[in-house]
Amino acid sequence: MSRIGKNPIAIPAGVTVEVKDAVITVKGKLGELTQDFSDVTVKLEEGQVIVERSTDHKDHRSKHGLYRSLINNMIVGVSEGFTKELELVGVGYRAANQGQKLDIALGFSHNIVLEVVSEVKVETVSEKGKNPIIKLASHDKQLLGQVAAKIRGFRKPEPYKGKGVKFVGEVLRRKAGKSA
């Protein structure tokens, strides 16, 4: 049995979970999320969500842990939310936001202006002597990761000097330069 899939998910106070026709809906103080599921059964028992599979078929085993993790991420998202922080490392790299519009200078001839979806909250921090930081927050973990990956994709960190857009706390694999 899946070690992740067999663990029940506790439903915190203020969160409602509803299962109807292979669709699970989770509502909380930060928003509402829905997820389709197949090949597993989802039960609500005594303030817990339990994910079970019908057989030990390979597809059913793989989806057992997957849907348990997705449902857990939904419950954590609508109750606490998720955050990601990106750091701009490089001379002249800047970030500013005007509401949901993110304006990033990454050494190209023009600034990159990105209209971030309304579910993701954007905040930029620029302190003198420190690298600019872009803070992203959302209740949807998948959407948050997608937006963060898109921003990081504009200028990925390079292995020699480490310049580019990286996640805060990310350890880069560095290479030695030319040896004299």
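Basis of the calculations
Residues numbered from 1 in each chain as written. Predicted model: local features only at pLDDT ≥ 70, side-chain atom pairs only at ≥ 80, totals over all residues. Heavy atoms only, no water. Helix = DSSP H or I, 4+ residues; strand = E, 2+ residues; numbered from the N terminus. UniProt positions renumbered as here; feature names shortened; annotations may be inferred. Salt bridge = Lys/Arg side-chain N within 4 Å of Asp/Glu carboxyl O. Buried < 20%, exposed > 50% of the residue type's maximum accessible area, 1.4 Å probe, protein only. Expected span 1.5 Å × (residues − 1). Polar contact = N/O pair within 3.5 Å; in protein donor to acceptor, adjacent residues only side chain to side chain. Pairing = 2+ DSSP bridges. Axes fitted to C-alpha atoms, helices over the stretch in contact; angles between N-to-C directions. Contact = heavy atoms within 4.5 Å.

J.: Sorry, what's going on with unusual backbone geometry here?
T.: In terms of backbone geometry, most residues other than glycine have negative phi values and most peptide bonds are trans. With a phi close to 65°, Asp 39 is a non-glycine residue in the positive phi region. On the secondary structure map, Asp 39 appears in the loop between strand 4 (31-36) and strand 5 (40-45). One non-glycine residue, Glu 46, lies in the positive phi region at around 45°. By secondary structure assignment, the location of Glu 46 is in the loop between strand 5 and strand 6 (48-53).

J.: I keep staring at the UniProt feature "domain: Large ribosomal subunit protein uL6 alpha-beta" (unreviewed entry) in the protein chain and nothing clicks. Help me out?
T.: Feature annotation in UniProt places "domain: Large ribosomal subunit protein uL6 alpha-beta" (unreviewed entry) on residues 11-81 and 89-166, given in this structure's numbering. Split by type, residues 11-81 is 31% helix and 41% strand. Its first and last C-alpha atoms lie 15 Å apart.

J.: What is the right way to read the pattern of salt bridges from this model?
T.: Two side chains that carry opposite charge are able to pair once their charged atoms sit near each other. On inspection of all chains with the given rule, the structure shows 8 salt bridges. Lys 166 is the salt-bridge partner of Glu 87, the closest N and O atoms lying 3.5 Å from each other. Within this pair, whereas Glu 87 is found in strand 7 (residues 82-89), its partner Lys 166 is found in strand 13 (residues 164-167), the two being separated by 79 residues in sequence. On the basis of relative accessibility, which here comes to 14%, the residue Lys 166 falls in the buried class. Residue Glu 127 pairs with Lys 130 through a salt bridge whose shortest N-O separation is 3.6 Å. For Glu 127, a relative accessible area of 45% translates into the label partly exposed.

J.: Is there a simple way to explain helix 1 (residues 58-79) in this structure?
T.: Each turn of an α-helix holds 3.6 residues, which means side chains three or four residues apart point in the same direction. The first and last C-alpha atoms of helix 1 sit 33 Å apart over 22 residues, in line with the 32 Å expected at 1.5 Å per residue. Taken residue by residue, helix 1 has His 60, His 64, Gly 65, Tyr 67, Arg 68, Ile 71, Met 74, Ile 75, Gly 77, Val 78 and Ser 79 as its buried positions. Where helix 1 terminates, the next one or two residues include Gly 81, which has phi positive at roughly 90°.

J.: Help me understand helix 2 (residues 141-154), please; the structure alone is not making it clear to me.
T.: Compared with an ideal rise of 1.5 Å per residue, which puts 14 residues at 20 Å, helix 2 spans 21 Å between its outermost C-alpha atoms and is within 8% of the ideal. The N-capping residue of helix 2, defined by a side-chain oxygen 3.3 Å from the backbone nitrogen of Gln 142, is Asp 140.

J.: Which parts of the structure should I look at to understand the pairing of strand 8 (residues 94-98)?
T.: Both faces of the sheet carry side chains from a regular strand, because those side chains alternate between them. Sheet topology note: the strand 8/strand 9 (residues 101-105) ladder contains 5 bridges and is antiparallel. Across the sheet, residue Arg 94 finds its bridge partner in strand 9, namely Ala 105. In this structure, the hairpin formed by strand 8 and strand 9 is closed by a connection of 2 residues, where Gly 99 is found at a positive phi of approximately 70°.

J.: Would you explain the sheet that holds strand 9 in this entry?
T.: Paired through backbone hydrogen bonds, the strands of a sheet run either parallel or antiparallel to each other. Taken together, the 3 strands give an open sheet; going across it, the order is 8-9-10, and neighbouring strands pair in antiparallel fashion. If you trace the sheet from one side to the other, it starts and ends with strand 8 and strand 10 (112-115), each paired once. The sheet shows a mean angle of 20° between the axes of neighbouring strands, direction not considered.

J.: Please clarify how the environment of Leu 44 should be interpreted in this entry.
T.: Here Leu 44 shows up in strand 5. Taking the C-alpha atoms as reference points, Leu 44 and Glu 18, separated by 26 residues in sequence, lie 8.4 Å from one another. The residues touching Leu 44, leaving out its near neighbours within four places in the chain, are Ile 11, Val 17, Val 19 and Val 49.

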